[in-house]
Amino acid sequence: MKNSYKNTKSNNLILYHLLAFFVGSVWGISFISTSKLLDAGIQPTEIYVIRFLIAYLAILCITYKKILSDSFKDECLFLICGLCGGSIYYIGENTALQYTLVTNVSLLVTLSPIITVLITKMMYKTEQLKKEFITGSLIAFVGVACVIFNSATNIQVKPLGDMLAIAAAASFAIYCIVANKLNDRYDTLFISRKIFFYGVITAIPFLFFQDHFVDFHVFTSGIVWGHILFLSLICSLAAFIMWNAAIDKLGANRASNYLYFSPVVTLIASILILNEPVSFIGYVGCALTIGGVIVSEKVKFNK
């Protein structure tokens, strides 16, 4: 009976590992859809607002009975999640691309899992991280660097863009930690709906800082709507529900390590869709990233 319980528990954890892997993968593909929409003339903030607004309206059809959280404090935590996991992260990431190289932004954003660990360590000083987690995270980070350097030989230093990318990574780390606390009191659908809502609300002020707004003729294209719906329903709605569920069962630190798969998937997608060449260092990066995540999964957290 005891072995049966352990096997069931282990199988359930495998499911949430797969969910985290899937989310990391679709977020990697989302870079291609976002770049296509940018090429079509839609502004970075507009892309974010549209995808989160559609995701919010879709999830509102599923969960609508409970509107407010149980306390004002929790409502503030949801606001923080919408701000850090939504508007600041996505707008910061997209804006950084206007001031520095894509390679810089891609590398710096993957600092999020490491920042998550550091923030958790500062908040819970009694929590000890074994060397497997640190080693695995570093291996995965080196792998990500190899994947990114596959398409660039020179990294330019442009402080404003790089600082925005680091701020985006730190913002997402804060979101993962706060969302992990809310998982103890609310279900995944409710959490995701609140994040979409506050993500849209907190992004509205950013719209007024744009130089111009999109030409609405752009939205007559079926291809544009295909990318928008993919970003809204898969990369936002489905991905955030799965991600919040993964954080609940695996913890913020462990789930965040699957973010390292995003640039690997971006690399693979660019080969298949954009026909971009891959060097030996690119393949090495993929292997290191996957190996680093496997090593880090041996970690045990002791409080």
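Everything quoted here is computed from the prediction, not taken from an experiment.

### Some remarks on the overall build of the protein chain
Helices and strands together make up the secondary structure of the protein chain, namely 12 helices and 2 strands. When the elements of the protein chain are put in sequence order from the N terminus, they spell out α-α-α-α-α-β-α-α-α-α-α-α-α-β. Here the protein chain, with 303 residues, has 50% of them falling under the buried criterion. In the protein chain, once contacts between residues fewer than 6 apart in sequence are set aside, the share between residues at least 24 apart is 91%. A total accessible area of about 15000 Å² is found for the protein chain, and carbon and sulfur atoms account for 69% of it.

### As for the environment of K36
With respect to the secondary-structure elements, K36 resides in helix α1 (residues 2–39). Looking at K36, the relative accessible area reads 36%, which means it is partly exposed. Taking the C-alpha atoms as reference, K36 lies 9.3 Å from I223; in sequence the two are 187 residues apart.

### What to know about the packing of aromatic side chains
Scanning all chains against the criterion turns up 21 aromatic pairs. In textbook terms, an aromatic cluster arises when at least three aromatic residues are bridged by ring pairs, as seen for W27, Y48, F52, Y89, Y90, F172, Y175, F196, F240 and W243.

### So, helix α3 (residues 72–96)
For α3, spanning 25 residues, the distance from its first C-alpha to its last is 33 Å, which sits close to the expected 36 Å at 1.5 Å a residue. For α3, the principal kink sits at L83 and spans about 35 degrees.

### What to know about the packing of α3 against helix α8 (residues 188–207)
The N-to-C vectors of α3 and α8 enclose an angle of 60 degrees; their axes lie 7 Å apart at closest approach. Taken together, the axes of α3 and α8 lie oblique to each other. In the crossing of α3 with α8, the sense of the turn from one axis to the other is right-handed. Residues E75, F78, L79, C81, G82, L83, S87 and I91 of α3 form the contact with α8, whose own contacting residues are F190, I191, K194, I195, Y198, G199, T202, A203 and F206. When the residues that make up the contact of α3 with α8 are grouped by side-chain class, the tally is 11 nonpolar, 4 polar and 2 charged.

### So, empty space enclosed by the protein
By the definition in use, this model includes 1 cavity of 30 Å³ or more. Along the walls of the largest cavity sit L37, I42, I47, I50, R51, I228, L231 and S232, which together make up its complete lining. Within the residue set of the lining of the largest cavity, elements represented by two or more residues are α2 (44–60) and α9 (222–250). Residue classes in the lining of the largest cavity are distributed as 6 nonpolar, 1 polar and 1 charged.

### Some points on the side chain of E93
With respect to the secondary-structure elements, E93 resides in helix α3. The buried charged residue E93 lacks any salt bridge partner; its closest oppositely charged side chain belongs to R51, at an N-O distance of 6.8 Å. In this structure, E93 is in contact with F31, I88, V105, V109 and A168, ignoring residues within four places of it in sequence.

### Some words on the packing of α2 against α9
The contact between α2 and α9 brings their axes to 8 Å, and the two run at 60 degrees. Classified by the angle between their axes, α2 and α9 sit oblique to one another. The handedness of the crossing between α2 and α9 is right-handed. The segment α2 lies against α9, with I47, I50, R51, F52, I54, A55, A58 and I59 engaging W225, I228, L231, S232, L233, C235, S236, L237, F240 and I241.

Conventions used here
Residues numbered from 1 in each chain as written. Predicted model: local features only at pLDDT ≥ 70, side-chain atom pairs only at ≥ 80, totals over all residues. Heavy atoms only, no water. Helix = DSSP H or I, 4+ residues; strand = E, 2+ residues; numbered from the N terminus. Buried < 20%, exposed > 50% of the residue type's maximum accessible area, 1.4 Å probe, protein only. Contact = heavy atoms within 4.5 Å. Areas by Shrake-Rupley, 256 points an atom, 1.4 Å probe, with all protein chains shown as cover. Phe/Tyr/Trp six-rings, centres within 6.5 Å; stacked < 30°, edge-to-face > 60°. Expected span 1.5 Å × (residues − 1). Bend = angle between axes of the 7 residues up to and from the residue. Axes fitted to C-alpha atoms, helices over the stretch in contact; angles between N-to-C directions. Parallel < 35°, antiparallel > 145°, perpendicular 65-115°, else oblique. Left-handed = near helix turned anticlockwise from the far one by under 90°. Nonpolar A, V, L, I, M, F, W, Y, C, P; charged D, E, K, R; others polar. 1 Å grid on protein atoms, 1.4 Å probe; cavity = no way out; pocket = protein on both sides within 12 Å on 5 of 7 lines; lining within 4 Å. Points joined across faces, edges and corners; volume = space filled by probe spheres on them. Lys, Arg positive; Asp, Glu negative; His and termini not counted. Salt bridge = Lys/Arg side-chain N within 4 Å of Asp/Glu carboxyl O.

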